[in-house]
Amino acid sequence: MSSKPVQTTLRRLEKAIRELHEELAQALYADFGKSSLETLTTETSVVLSEIQYLRRKGASLRKPRRVRTPLAHWPARSVIWSEPWGKVLVLAPWNFPFQLALVPALSAWAAGNQVVLKPSERTPATSALIAKLVAEHFTPAEFTVVTGDAEVAASLLAKPWDFVFFTGSREIGRRVGLSTSERHIPCVLELGGKSPAVVLEGADVELAACRLLWGKTVNAGQTCVAPDYVLVPSHLQEAFIDAFRRALHDFFPQGPLASQDLARIIHRQAWERLEALARSGTIACGGESDRERLLLAPTLLTGVTWNDPLMAGEIFGPLLPVLTYTSLEDAKQHISQARDPLALYVFGPPRQAEAFFLSVPAGGGCVNDVLLHFANTNLPFGGRGSSGWGQYHGAAGWRTFRREKALVLRPSWGDWPFRYPPYTTGKFKLLRRILGS
């Protein structure tokens, strides 16, 4: 695939997505009540940013990279080329149904692969819009969309792909990983996990509460990088609760359930699960719910222990338990028990917060903010261990969807006789001097 048709298609696609914003906002609102502003900030703008990156950097990313050649190989040159994997399957989730479908799929296509995208059946209006958009700008041999339920996804996964990219839960990701590994198919798994937030001594508690509430408000907390719980020093717990309560009132003066800015819980089963989890602790603020409309207010919970159901797995909703710690080592030990957070958020004086962040294994994160690393095309995004493996966004996505291969280019002149038998003592001494060993 030459770079010129790629550039032309991406330019047209960018224009089409800009014109499509209102229709997309209506689709997402129909699917689970997502606001138009959230559609702009968490869906279209992220996809457009990825397209712009691929337009700017695609040609340079395609170029081979020359690397150093050992003296013993002279007069050869060593080059790293990359090539597309071939046929790529992208399995997308429902929570960011536009962004998490198109960002990896477009990256895979721009990298030269044939792409099949399976969007989520949980968001039918958005999935239909994606299918229409793709059909208008790509041939079926380049990029096609297949809609359907879990059986369709399983049927697709069983086919002989060259590469699989999956975003979703740990449980389903485990099945995808087993299926691909048994058939020696490389894959990326973008999963979830319990992403902690830590408030350090000296932190701006008002700021921390405001931004953590925002992180739980986006998509009604139904995001893989949402803060899953917050650790605060024991003596700051009440101050944090008061700040969170004020921020909740500022965000929703008429109450969260009366607001058009709060998304619905995706389906009844998920709503009931969250309602049950909320009983693990004491509601410090929030807690309002509407079963018929599948609404659940951002809710701060106290009195939660590490053995409660709320702490057993990823919450994936607007519940935020607040727990206390006595020392930084205590906080690190608690985080390590949940293993491999996809994101880590640390609030405090920048140097101390950065030092704490770097001392805890995590997929990525922010200091004095939440979620923003996920929306920066210039940063690689991905998990580690049980929160997934592999990365994408920008250059990381390009590297994911192409395989590097080594090439040594050597002319027919300039042969070294010491490489051939018989291996004499003189040849051994000369070669040892050249190799520096």
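Conventions adopted
- Residue numbers here run from 1 along each chain, matching the order of that chain's written sequence.
- With the structure being a predicted model, the display of local features is reserved for residues of pLDDT at least 70 and the display and counting of side-chain atom pairs for 80 or more, all residues being used for whole-chain, interface and lining totals.
- Only heavy atoms go into the side-chain values, all of them from the structure, while hydrogens and water stay out.
- Secondary structure elements follow DSSP: runs of H or I no shorter than four residues count as helices, runs of E no shorter than two count as strands, and numbering proceeds from the N terminus.
- Partly exposed residues are those whose accessible area sits between 20% and 50% of the maximum for their type, while under 20% is buried and over 50% is exposed, using a 1.4 Å probe and protein chains only.
- Any two residues having at least one pair of non-hydrogen atoms within 4.5 Å are treated as being in contact.
- Here, Shrake-Rupley sampling with a 1.4 Å probe gives the accessible areas, and only protein chains in the shown set may cover a residue.
- Lys and Arg are tallied as positive, Asp and Glu as negative. Neither His nor the chain termini are counted.
- The atoms used to mark charge sites are NZ of Lys, CZ of Arg, CG of Asp and CD of Glu.
- We define a salt bridge as a contact between a side-chain nitrogen of Lys or Arg and a carboxyl oxygen of Asp or Glu at a distance within 4 Å.
- Any two strands with at least two DSSP-identified bridges between them are counted as paired.
- Whenever a helix is involved, its axis is fitted only over the stretch in contact; in every case the axis is a line through C-alpha atoms, and angles between N-to-C directions fall within 0 to 180 degrees.
- Directions pointing from the helix axis toward each C-beta atom define the arc.
- Polar contacts here mean pairs of N or O atoms no more than 3.5 Å apart (in protein, one a potential hydrogen donor and the other a potential acceptor; neighbouring residues in sequence count only if both atoms are side-chain atoms).

*Asks:* Hey, could you run me through the overall build of the protein chain in this one?
*Replies:* Scanning the protein chain for helices and strands turns up 14 helices and 18 strands. Principal axes of the C-alpha set define a box for the protein chain whose edges measure 85 × 55 × 35 Å. Among the 437 residues that make up the protein chain, the fraction classed as buried is 51%. Here the contacts in the protein chain between residues at least 6 apart in sequence split such that 71% fall between residues at least 24 apart. With an accessible surface of roughly 20100 Å², the protein chain has 55% of that area assigned to carbon and sulfur atoms. One finds the centroid of the 49 positive side-chain charges in the protein chain at a distance of 15 Å from the centroid of its 40 negative side-chain charges.

*Asks:* I tried to follow the side chain of E190 on my own but got confused; where do I start?
*Replies:* Considering the arrangement of structural elements, one finds E190 in strand 7 (residues 187–190). Among buried Asp, Glu, Lys and Arg side chains, E190 stands out as unpaired, with R170 the closest opposite charge at 11 Å. Beyond its immediate sequence surroundings of up to four residues, E190 is in contact with F165, F166, T167, G168, F381, G382, G383, S387, G390, Q391 and Y392.

*Asks:* Is there a simple way to explain the pattern of salt bridges in this structure?
*Replies:* Summed over the entire model, instances satisfying the criterion amount to 19 salt bridges. R18 is the partner of E14 in a salt bridge, and the nearest nitrogen-oxygen pair spans 3.0 Å. Of this pair, E14 and R18 are both found in helix 1 (residues 3–19), four residues apart, which corresponds to roughly one turn of the helix. Among the residues examined, R18 registers a relative accessible area of 48% and is labelled partly exposed. Note that R339 is salt-bridged to D340, the shortest N-O span being 3.3 Å. When its relative accessible area of 14% is taken as the criterion, D340 is described as buried. A network of salt bridges, in which partner residues are shared, links E14, R18 and R55.

*Asks:* How do you make sense of the sheet that holds strand 13 (residues 299–302) when you look at a structure like this?
*Replies:* Hydrogen bonds between backbone atoms are what pair the strands of a sheet, whose relative direction is either parallel or antiparallel. Taking strand neighbours across the sheet as the criterion, the seven strands line up as 10-13-14-9-8-15-16 in an open arrangement whose pairing is mixed. Edge positions in the sheet fall to strand 10 (282–285) and strand 16 (365–367), since each of these pairs with one other strand and no more. Between one strand and the next, the sheet's axes are offset by a mean angle of 25 degrees, whatever the strand orientation. Where strand 13 lies against strand 14 (residues 319–325), three bridges are found, and the strand directions are parallel. Among the inter-strand pairings, T299 is bridged to a residue of strand 14, identified as L319. Together, strand 8 (196–199), strand 9 (229–233), strand 14 and strand 15 (344–347) form the strand contacts of helix 11 (residues 328–338), whose direction differs from that of strand 9 by roughly 165 degrees. Strands in contact with helix 12 (residues 350–359) are strand 8, strand 15 and strand 16; relative to strand 16, the strand with the most contacts, it is inclined by about 155 degrees.

*Asks:* Whenever I open this one, helix 6 (residues 150–157) confuses me. Can you help?
*Replies:* Two residues of an α-helix separated by three or four positions point the same way, owing to the 3.6 residues in each turn. For helix 6, the set of buried residues is A153, L156 and L157. On an axial view of helix 6, the arc spanned by its buried residues comes to 100 degrees, and they lie on one face. Looking at the buried side of helix 6, the elements it contacts are strand 3 (87–91), strand 4 (114–118), strand 6 (163–167) and helix 7 (170–182). Capping of helix 6 at its N-terminal end is provided by D149; its side-chain oxygen lies 3.1 Å from the backbone amide nitrogen of E151.

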